[in-house]
Amino acid sequence: MRTNADITVVRLKKDGSFESFKLYGVLWLDKLVRTVSGKSVIKTAETEIHISEAAYTDAIRTGDMIVKGTMDYTGLSSRDLRTQLEADNGVTVTIVSDFITISSRLKHVEVICE
């Protein structure tokens, strides 16, 4: 699988703490999705991330934040973390599709973010 980035996945917990992990060698694609609604065209920025079976070591969940690059957020409060994720152009996971068990040829996980 072609790769072009490393990513940092951040999971915010209900108690205000967070955990993060890094994945190396993913395919990061920024897209502009157009949807027709009535007589209007709505444009939405979307990020699609393909993670190979070899790189996928931890489960990514809907609601997790992902940042392009390997970042270290150690020592940040939850409030400072949110500000830093925004500054680092973090995206929120909206869909996780697991093709590791479905496809024997293209074993990967596809993550859609907004």
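For the structure, see preceding data.
In this report, we go over the structure that sits alongside the text. (Residues numbered from 1 in each chain as written. Predicted model: local features only at pLDDT ≥ 70, side-chain atom pairs only at ≥ 80, totals over all residues. Heavy atoms only, no water.)

Quick look at the overall build of the chain
Per the secondary structure count, the chain includes 1 helix and 6 strands. If one aligns the C-alpha atoms of the chain with their principal axes, the spans along those axes are about 45 × 40 × 25 Å. Counting the 114 residues in the chain, one finds 32% classified as buried. The contacts of the chain with a sequence gap of at least 6 include a subset with a gap of at least 24, amounting to 52%. A gap of 6 Å separates the mean positions of the 15 positive and 16 negative side-chain charges of the chain. (Helix = DSSP H or I, 4+ residues; strand = E, 2+ residues; numbered from the N terminus. Buried < 20%, exposed > 50% of the residue type's maximum accessible area, 1.4 Å probe, protein only. Contact = heavy atoms within 4.5 Å. Lys, Arg positive; Asp, Glu negative; His and termini not counted. Charge placed at Lys NZ, Arg CZ, Asp CG, Glu CD.)

Points about the environment of L106
Considering the arrangement of structural elements, one finds L106 in the loop between β5 (91-98) and β6 (108-113). For L106, a relative accessible area of 46% gives the class partly exposed. Sequence-wise, L106 and L85 are 21 residues apart; in three dimensions their C-alpha atoms are separated by 31 Å.

Overview of the pairing of strand β1 (residues 5-12)
Of all 8 residues in β1, 6 are buried, a share of seventy percent or more. Across 7 bridges, the pairing between β1 and strand β2 (residues 18-37) is antiparallel. Within the sheet, the bridge partner assigned to I7 lies in β2 and is L23. Remark: 5 residues form the turn of the hairpin made by β1 and β2, two consecutive strands paired antiparallel; G16 in that turn has positive phi of roughly 95°. In this structure, β1 lies alongside strand β4 (residues 65-68), joined through 4 bridges in antiparallel fashion. Within the sheet, the bridge partner assigned to T8 lies in β4 and is V67. (Pairing = 2+ DSSP bridges.)

Details of the sheet that holds β4
Pairing in this closed barrel of 6 strands is antiparallel, and the strands run β1-β2-β3-β6-β5-β4 around the ring. With strand direction ignored, the average angle separating the axes of adjacent strands in the sheet is 45°. With 12 bridges joining them, β2 and strand β3 (residues 40-52) adopt antiparallel strand pairing. Opposite W28, over in β3, you have I49 as the bridge partner. (Axes fitted to C-alpha atoms, helices over the stretch in contact; angles between N-to-C directions.)

Things to note about the environment of T74
By the element assignment, T74 lies in the loop between β4 and α1 (78-87). Put simply, T74 and A5 are 69 residues apart on the chain and 21 Å apart in space, counted from C-alpha to C-alpha.

Points about the pattern of salt bridges
Following the criterion strictly, the structure yields 4 salt bridges and no others. Two residues, D64 and R11, come together in a salt bridge whose shortest N-O distance is 2.8 Å. Taken as a pair, D64 in the loop between β3 and β4 and R11 in strand β1 lie far apart in primary sequence, 53 residues in all. For the pair D64 and R11, one class covers both residues: buried. In this structure, the salt-bridge partner of K31 is E48, at a minimum N-O distance of 2.7 Å. (Salt bridge = Lys/Arg side-chain N within 4 Å of Asp/Glu carboxyl O.)

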